[in-house]
Amino acid sequence: MNFKNYDFKRLLLITGLFSLFAILAVLPAFADGHMKLPFDGNVHLSRFESIYEALANRSIPSDINFIGFKGGSTAYNSLYPWITGLIFVLPRFIIQNRLHAIMLGYFAINMLVMINMYLLTRELTNKIILRFLGVLLYQLSAYHFMIMYARVAMGELFAYTFLPLVFTGLLKIYKKDKLGFVFLGLGMSLIFNSHILSTITTVLILIVIVFVRIIRRKFSLFELKQYCYALLISVPMSIYSLFNFVKVYFNNDIEPPYHLLQPINTSDMWQSILNNSIVGDAPIFNIGLIETILLVLLIIPAILTGYSSWKLWWYSAIGIFIGTLNWFPWESKTLIESPIGSIQFLGRLLTYVSLFLAVAIVLLFEENEKYTFTIDKLSIIIIPLLLVSMSASYSHEHKMDYPANTYMHSNKNFEYALKYGEAGLDYPLRLDKATKKIPLKKFDVDDAKQTYNNITIHIKSMKTKKVRLNIPIYRGVNYTVKINGKTKSVASGKNLIVTLRQGKNVVSVTSNPTKIQYVLLMTSVISIILATVCSFLLIFKGRAFRIKEI
């Protein structure tokens, strides 16, 4: 490897420009000195606080998230992968102000989006201006800003961040790059360590792509080997999250997330686009005015030109986009109750629309010499796109349309949100008939102390009786349950059942990680670091060539 031949001036320029656009993506949203914390945001705030407290106490998170959720204590840490959440957790160790720490996390995530997309565009073109076009189309998509600020859907945001790595690996494999599997495996493992639903969706899209290539007789034994290698290296990178998920999910009768297939309402979406709104309501998810116009206008060159690789990406983008609309009977009971209903909001597929559209536009200019692309044309597209995105995020945060206690100004606001904020209680255990007959004893969150590995509840009882608390006891998870200071053996696979004495009672539930979880977490983290370093070295060693086929 000869680093002397690498253009470090270009690297410095790219880093500087990416930093500038990352700052511009963050500052408008926090210009009023606060952030809105919607429903999903409260979920992730509780998750990240649990992770932070565990690390601060020189531990790793237990299977159970005891912090937040009004004492619900479900297995978020096992069933919702958290490793990539360190992007927002680690700044807490260097910045005491939580709002500023979150801003730093957002800066990092925007940098990663652009870096990963730049790696993808390197496989499409050698022209730096076209690479920037692809990067900024993806970075400045209204849907990106919507999941960042309107929904604060961190799992989907991480998936959006790492998705370009998957297709970087895919294109390298198509070009017979023997190390393409490194990027594919790294990208898929990072998505799995972020959001399981996005992992499933991405895998299904990859299966469709493979099927199409088989039909077109372009699939080869080399590709099959690369996919196998990618799967092989993704195992150690994902083993910690996979172990936790399998251990809890398949050992317990867990209520699955609700099924729904809510499409985008076409008329409401256009109204939202024209209003430049990024409100996180599923029927109005969108990619923004400029990118929607570009998506539609590409039908003209698609008709006027012959076969080109860019068309396949555009067909994919426009096809998925149309498929998310309410032009089809998506809300039929049969579809909703099927496995497809797990997606809940069809607008989630706009992540793939944004990516495929950006790739299609880059390839359009790369493959057609008559469509020359200059810095002037880049400015005509990117400057309005940047202004619209900044305006949308500022307007969303500036508008006082949320309850007062969801505006996070200070650490005190965050503490209040952790304790009293509304957050859904996912992953509860199904109750059998015998358990349902036991009376439910509710407790006030003010009577509970929550830490990263324990919840202690003070309960009063009028008489000695057996009650059921709304705290799941999962099979496969280590618990220590104490009633009034005495350790008790409790049944697993159902909600906590205790016998309270007359008067005051103290119920303590503790769960700590096992040694195998420490080993598996180290395995995953070290594997991710090694794969990332390997990818970095390959970037300096390799050269990007124009893609000739898809």
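Residues numbered from 1 in each chain as written. Predicted model: local features only at pLDDT ≥ 70, side-chain atom pairs only at ≥ 80, totals over all residues. Heavy atoms only, no water.

**Examining the packing of aromatic side chains**
This structure, assessed with the given rule, holds 28 aromatic pairs. Ring centres of Tyr106 and Tyr149 lie 5.0 Å apart, and the angle between their planes is 50°; this geometry places the pair in the tilted category. Of this pair, Tyr106 sits in helix α5 (residues 98–122) while Tyr149 is found in helix α7 (residues 142–150), placing the two residues 43 residues apart along the sequence. A relative accessible area of 2% means that Tyr149 is categorised as buried. (Phe/Tyr/Trp six-rings, centres within 6.5 Å; stacked < 30°, edge-to-face > 60°. Helix = DSSP H or I, 4+ residues; strand = E, 2+ residues; numbered from the N terminus. Buried < 20%, exposed > 50% of the residue type's maximum accessible area, 1.4 Å probe, protein only.)

**Focus on the pairing of strand β6 (residues 454–461)**
For β6, the tally of buried residues reaches 6 of 8 residues, placing the bulk of the element in the interior. Connecting the antiparallel pair strand β5 (residues 448–450) and β6 is a turn made up of 3 residues. The sheet contact formed by β6 and strand β11 (residues 503–510) spans 8 bridges and is antiparallel. Note that in β11 the partner of Thr456 across the bridge is Ser508. (Pairing = 2+ DSSP bridges.)

**Quick notes on the sheet that holds strand β8 (residues 480–483)**
The strand order β5-β6-β11-β8-β9 describes an open sheet built from 5 strands, whose pairing is antiparallel. Single-partner strands in this sheet number two, and they are β5 and β9 (486–488). In this sheet, adjacent strand axes meet at a mean angle of 20° when their direction is disregarded. Where β8 and β11 come together, 4 bridges link them in antiparallel fashion. Paired with Ile483 across the strands is Val507, a residue of β11. (Axes fitted to C-alpha atoms, helices over the stretch in contact; angles between N-to-C directions.)

**Notes on a nonpolar patch on the surface**
Residues Trp270, Leu274, Leu289, Ile293, Leu297, Ile299, Ile300, Ile303 and Leu304 make up a contiguous nonpolar surface patch of about 870 Å² in total accessible area. When residues of the nonpolar patch are traced back to their parent elements, those giving at least two are α12 (266–274), α13 (289–297) and α14 (299–304). No other element matches the 4 residues that α14 contributes to the nonpolar patch. Tracing the backbone shows Leu274 in helix α12. By relative accessible area, which is 60% here, Leu274 ends up exposed. (Patch = residues over 30% accessible without salt bridge, like charges linked within 9 Å, V, L, I, M, F, W, Y side chains within 5 Å. Areas by Shrake-Rupley, 256 points an atom, 1.4 Å probe, with all protein chains shown as cover. Salt bridge = Lys/Arg side-chain N within 4 Å of Asp/Glu carboxyl O.)

**Comments concerning the confidence of the model for the protein**
On average, residues of the protein score 89 in pLDDT, and 96% of them are at 70 or above. Across residues 543–550, where pLDDT falls below 50, the model places 31 contacts with residues more than four positions away in sequence or in other chains. (pLDDT = per-residue confidence, 0-100. Contact = heavy atoms within 4.5 Å.)

**Examining unusual backbone geometry**
Of note in the backbone geometry, Asn276 takes a positive phi value of approximately 55° without being a glycine. Relative to the elements of secondary structure, Asn276 occurs in the loop between α12 and α13. In this structure Asn276 comes out as partly exposed when scored by relative accessible area, which is 25%. Although it is not a glycine, Gln344 adopts a positive phi angle of roughly 70°.

**Digging into the environment of Ser198**
Along the polypeptide, Ser198 turns up in helix α10 (residues 196–215). A relative accessible area of 11% places Ser198 in the buried class. Distance from Ser198 to Leu349, taken between C-alpha atoms, is 9.2 Å for residues 151 residues apart in sequence. Ser198 has contacts with Glu156, Ala159, Ile191 and Tyr352, leaving out every residue within four places of it along the chain.

**Section: the pattern of salt bridges**
Evaluation of the coordinates by the stated rule reveals 15 salt bridges. Glu49 serves as the salt-bridge partner of Arg92, at 2.8 Å between the closest nitrogen and oxygen. Here Arg92 is found in the loop between α4 (86–89) and α5, whereas its partner Glu49 is found in helix α2 (residues 39–56), with 43 residues between them in sequence. Glu49 matches Arg92 in its accessibility class, with the two residues each being buried. Linking Asp177 and Lys172 is a salt bridge whose minimum nitrogen-to-oxygen distance equals 3.7 Å. The class for Asp177 is partly exposed, based on a relative accessible area of 28%. A cluster of three or more residues bridged by salt bridges with shared partners is formed by Asp40, Arg151, Glu156 and Arg348.

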